[in-house]
Amino acid sequence: MKKILLSSIIVIIGIVFLGRLSYLQIFSYTPDLSDDPAIKRIYDYPERGYIYDRNGKLLVGNDPAYDVMVIPREVKAFDTLEFCSLLNLEYPKLIKELTKARHYSPRLPSVLVPQLSKEDYARLQEKMRHYNGFYIQKRSLRYYDTNAGANVLGYISEVNERDLANNPNYVQGELTGRTGVETVYEDTLRGRKGIQYIQKDRFNRDIGKYKDGALDVLPEQGKEITLTIDKDLQEYGEKLMHGKWGGIVAIEPATGEILTMISGPTYDPSLLVGRKRSANYTRLYNDSIAKPTFDRSISFEKSPGSPFKAINALIALQVGAVTPTTAFTCHHGFYIGRSKKGCHCGGGPRNLNSGIYLSCNAYFVGAYKKIFEQFPSNAEAMDAWEGHVRSFGLGSYLGSDLHTGRRGSVPSTELYNKWYGEGDKRWSATTTYSNAIGQGEVNVTPIQLANMTAAIANRGHYYTPHIIKKIEGKDIDIPKFTERKNTTIDRKHFEPVVQGMADVYHKGTARYVQIPDIDIAGKTGTVENFMVIDSVRTQLTDNSVFVAFAPVKNPKIAIAVYIQNGYYGSRYAGHIASLIIEKYIKGEISRKDLEKRMLERTLEREYAKPYSGEEFKINEYDWSKDAIKYQTEAIKDK
Amino acid sequence: MATGRSILKRIDWLTVLFYLLLVLMGWVNIYSSTFTDTDISIFDFSTLHGKQLFFILTSLASTIILLSLDPNFYERFSSLFYIISMVLLLGLFVFGKTIAGATSWYDLGFFNLQPSEFAKVATALGLAKYLSDIQTDIRRQKDQWYSFLILLIPAILIIPQPDPGSALVFFAMTFVIFREGLPLYYLGIGVMAILVFVTTLMFGTVWIAIGIALLLLLFMMLKKKKFKVPVLPVTTAIIATVVFSLSVNFVFNNVFEQRHRDRFSLWLRLEKDPQKLEKIRKTIGYNSYQSEKAIESGGIYGKGFLEGTRTKGNFVPEQHSDYIFTTIGEEWGFLGTASVVLIFTIMLLRLVFLAERQKTAFSRMYGYGVISILLIHYFINIGMVIGILPTIGIPLPYFSYGGSSMLGFTALLFIFLKLDANRMKEGY
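Residues numbered from 1 in each chain as written. Chains lettered and ligands numbered in written order. Predicted model: local features only at pLDDT ≥ 70, side-chain atom pairs only at ≥ 80, totals over all residues.

### Quick notes on the overall build of chain B
Heads up, the condition is: Secondary structure elements follow DSSP: runs of H or I of four or more residues count as helices, runs of E of two or more count as strands, with numbering from the N terminus. To sort residues by exposure, count the other C-beta atoms lying within 10 Å of each residue's C-beta; 20 or more gives buried, 12 or fewer gives exposed, and values between give partly exposed, all with C-beta atoms placed from the backbone. Whether two residues are in contact is decided by their C-beta atoms, placed from the backbone, lying within 7 Å.
What chain B contains, in helices and strands, is 19 helices and 3 strands. Looking at chain B as a whole, 42% of its 428 residues qualify as buried. Look at the contacts in chain B between residues 6 or more apart in sequence, and 69% of them connect residues 24 or more apart.

See the structure below:
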């Protein structure tokens, strides 16, 4: 017993040691260099890539900024009073931030005070070395050379804890794109940050490069990108949108490049830069009525209204339901069963051409019924109709390179089967006649409308709308943006429809918005819209919609304008569209009085109505003197 | 008499091999932990690794002398060695040189001599001599006290230096006395006392009492039929335990200083408040925390020779001496640390084997003295560095930087190897 006692003790100690060592070195071991207090990482942030417009004009550049960083573990007792006054910081705030930093990590740097001004930096630079554990990190902030395009450009902000957890490439205090181009092209714009590994001793002194810099990474500059956006047009469009809610999207039909993408109301992108960013963002975000951060140009889904009639005309031609000369008589309306639905076109026989330019409801309901008659069953007719509609990119995200967006909706056999039940007698063209005039189950976003118009302008095809033009000065070569997408409508059917749209200008619902020397094809729309106010579905002033492309031959621009509560199509949308087209094609505006009126008029009174708590009238005429001559348009527009 | 030639045949080469392995590994790691990029030569005596190399070479040279001396010499003069050592320890109170707060050295100009390292050898010799004396009977109370006294004197002289760690080493030699017949229940009481001490700190007196009661119940249920409970001893034991437990609480809270309490609470992981823990890690527990972390960061394969980031950054204080094991942990990983543990384990088992095969009581007892001393150093040093024992500063034999300890441990081992080599010779 006594002889083996010592041997047993020796063996037991050996086993205990091996157990403890394997616990430490095998089970607790993490091969993470960031965990090592002997290794400091010094980051070298590359400048974020610049953003230019299609003509090479600067949209977004950079401004240097300075963050005060803290490594909690290295902080020694310091004069908090002096420190607070240096940084313009309240004492409780300092303690709060320090605690937060410690919670994040005692050994990794956290941002204590973000984005100092150059003046603060100059003042602090000298004194900073007296404070152990604090240092100043240079960073570049966005500088906006325009006050427009906030919805397109997006903004950048500090990475949050979720970003850090999801992407190990980020470190605290780094900036990342949040919306718009900044998010979509984050990887391109960001570049790659440089990392230097420094060996430290326990007094936190640098004692040389770790492994002689073998692991160091050189910074890689962010790439500059060129957008398809036209800066002047974007700025002009946003001025026109002043005081109006809605979206405008203009596309170059030959390429699918988005020329302008306007959402109203919007905000100055510079608001979301610097130390006021957070406060400003909260203010914008909390405006739940006007929703300035909501990009209406891509996310605002509504009925398209009359512009959709162009699509129905094309489908009717394609399936052989009508020829350009087929006529339907308008009795100042039309009958659905026994009930009469109104029409403002003036009545009389309507063919394709006059049906479009006078926007005759009776004609299109007739054509829509005829489409259904071409098929053995309503379901097949609906399927065919849906396929044609979808080939224009409606009801889909389009596959663009935009950050957000909505899909819109296109009704289907499935939907009506669900609503009315299956079977050929349950529903028919008559049940779904609203689709004929763009008021039914079809919902679109402004960008989809613009793309649809581009497809008509191209006489049968479109290119996926996109916003990127060049990266580092080189034209993009992304197949999904350069491949032509064909609609299911034969090319020959487009001419009569385009002619009808051109006549909208010459003699139709938009004859008052003609632009000298420019031939435009367009279609007005006046869309009924409703809102639930105190649990009552209440009709609001109609939405003013207009789609157009110009010139009619070799179109340079296809545009969709959607103005909320702007009343009839040409009243706001038509005028704004014509001004943008003129600006884009001619570079200047000849109709100064119209321009002035559009710039000055706002619809804020209209937007306030539903929230006033009082009863209100809708679709009021504006009896001001210069508006009188435009009133008559309204009567004939619907 | 043994000639120089025949000793080479009779010496236990396996132990020598382990010794050389440990010394070599020790030096490589001292080199790494004291290495700076400006070092030119490994024989530069202005560097610690240069000096250590010198100590190693001196030690190797000394083995020739140690092995060529007459084995009777060690037994005959063991009492003298013991007395000289005690005088040297006493002399420190007058002539001692203070380094890092401890008056443990004589300044010999070119070399600081630490007599406590040699006192270990002398005490092992002295104890073996006393116990092997024909007149000593370890079953006698008086002789038990005398043998304890032999261990107590150097310990008492060393504690005020202060160097409580080294003092502890002498108590480890009670193993020798146990081997020679001291009743084992002394050891049992000692182990129980440590257990009660630790469990009291961890769980409190109430749980100790409940625990004992449950154990007793279990014990009685297992031996229900024939067993008669010896009421008096059992009751005495329980009362003694509870009283001891209560006094532990009292001593811990009222006699210990805060730094002692912190050490224990760090060791037993009593402190749960992360902020206080952080504070302890930065102050009293800094060494333990850093050494554990350094070892952990080595992983299985280690970072490689001279590649240890924490070693380079000197994050672990005293890394070349008491904390040398962290360098192995960081740079050689689990493979390195496990090798060292295995070498020590096999070497110690080999020494037990050697001690048991001695023909004379003196050699056997000295052998046990050697094993006790090496084992306690190895156990406390590595146990402390890997965080399973509280911080007690004693060197890792053959590894840690230091001339006196290198020479002392070499002498300790080679005297035994010489005795072993001559075990078959009649009268040595």
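### Concerning the nonpolar core
Applicable threshold: Note on terminology: a nonpolar core is a set of buried residues of type Ala, Val, Leu, Ile, Met, Phe, Trp, Tyr or Cys, with members joined through C-beta atoms within 7 Å. Domain start and stop points were drawn from an automatic or database domain assignment.
Judged by nonpolar contacts, the single largest core of 124 residues is most densely connected at A250, I559 and I580 of chain A. Summarising the domain contributions, this core has at least three residues from each of domain 1 (39-227) and domain 2 (234-637) of chain A. What I580 of chain A contacts, discounting residues up to four positions off in sequence, is L233, Y236, G237, I248, A250 and I559 of chain A. One finds F55, F399, Y401 and A421 of chain B within the second-largest nonpolar core, a separate group that totals 94 residues.

### Focus: the interface of chain A and chain B
Applicable threshold: Gly falls in the polar group here, along with every residue not listed as nonpolar (Ala, Val, Leu, Ile, Met, Phe, Trp, Tyr, Cys, Pro) or charged (Asp, Glu, Lys, Arg).
Facing the 29 residues of chain A at the interface are 33 residues of chain B. Of all the secondary-structure elements, those providing two or more residues to the side of chain A that touches chain B are α1 (2-27) and β8 (194-200) of chain A. Broken down by element, the side of chain A that touches chain B gets its largest block of residues, 16 residues, from α1 of chain A. Here the residues of the side of chain A that touches chain B are counted per class, giving 16 nonpolar, 6 polar and 7 charged.

### Looking at unusual backbone geometry
Across residues other than glycine, the phi torsion is negative in most instances, and most of the peptide bonds are trans. Look at the link from G264 of chain A to P265 of chain A: it is a cis peptide, with omega at -5 degrees. Structurally, P265 of chain A can be placed in the loop between β12 (257-264) and α10 (277-286). Cis peptide bonds are those with omega within 30 degrees of zero, and the linkage from Q161 of chain B to P162 of chain B qualifies with 0 degrees. Here P162 of chain B is to be found in the loop between α7 (141-158) and α8 (164-172).

### Observations regarding the sheet that holds strand β9 (residues 206-209) of chain A
Residue and element names in this part refer to chain A. Threshold: At least two bridges found by DSSP between two strands are what make those strands a pair. Axis definition: a line fitted to C-alpha atoms, over the contacting stretch in the case of helices. Angles run 0 to 180 degrees between N-to-C directions.
One open sheet accounts for 3 strands, arranged β1-β8-β9; its pairing is antiparallel. Whereas interior strands pair on both sides, the edge strands pair on one side only; in this sheet they are β1 (39-44) and β9. Ignoring strand direction, the axes of neighbouring strands in this sheet form an average angle of 40 degrees. Across 2 bridges, β8 lies against β9 in antiparallel orientation. Across the sheet, residue I198 finds its bridge partner in β9, namely K209.

### Points about the sheet that holds strand β22 (residues 536-550) of chain A
Residue and element names in this part refer to chain A. Read from one edge to the other, the open sheet built from 5 strands follows the order β12-β11-β23-β22-β21, with strand pairing classed as antiparallel. Both edges of this open sheet fall to β12 and β21 (521-533), since each of them pairs with a single strand only. With direction set aside, neighbouring strand axes in the sheet form an average angle of 10 degrees. Of the pairings in the sheet, the one linking β21 to β22 comprises 12 bridges and is antiparallel in character. Within the sheet, the bridge partner assigned to F530 lies in β22 and is Q539.

### Regarding the environment of Y74 of chain B
Within the element layout of this structure, Y74 of chain B appears in helix α4 (residues 71-76). Between the C-alpha atom of Y74 of chain B and that of A122 of chain B, which follows or precedes it by 48 residues, the distance is 9.7 Å.

### Notes on the confidence of the model for chain B
We count it as follows: What pLDDT reports is the predictor's confidence in each residue, on a scale of 0 through 100.
Here chain B averages 86 in pLDDT, and 95% of its residues register 70 or above. Predicted as a complex, the structure gets a pTM of 0.67 and an ipTM equal to 0.90.

### Focus on the packing of α8 of chain B against helix α18 (residues 361-385) of chain B
Residue and element names in this part refer to chain B. The criterion, for reference: Any angle that falls under 35 degrees is termed roughly parallel, while one over 145 is termed roughly antiparallel, one within 65 to 115 roughly perpendicular, and all others oblique. Each crossing is labelled by how the near helix is turned from the far one, with a counterclockwise turn of less than a right angle marking it left-handed and a clockwise turn marking it right-handed.
At a minimum axis distance of 8 Å, the contact between α8 and α18 shows a crossing angle of 135 degrees. Accordingly, the angle class assigned to the pair α8 and α18 is oblique. Of the two elements, α8 crosses α18, and the hand of that crossing is right-handed. On the side of α8, the interface is formed by L168, V169 and A172, while α18 contributes S372, I373, L375, I376 and H377. Of the residues belonging to the contact of α8 with α18, the class tally is 6 nonpolar, 2 polar and no charged.

### Quick look at the pairing of strand β18 (residues 468-471) of chain A
Residue and element names in this part refer to chain A. Pairing geometry for strand β10 (residues 225-227) and β18, over 3 bridges, is antiparallel. Its bridge partner lying in β18, L227 is registered against I468. Where β18 lies against strand β19 (residues 474-475), 2 bridges are found, and the strand directions are antiparallel. Looking at the pairing, I471 lines up with K474 of β19. Between β18 and β19, which pair antiparallel one after the other, the connecting turn spans 2 residues, and E472 there sits at a positive phi close to 55 degrees.

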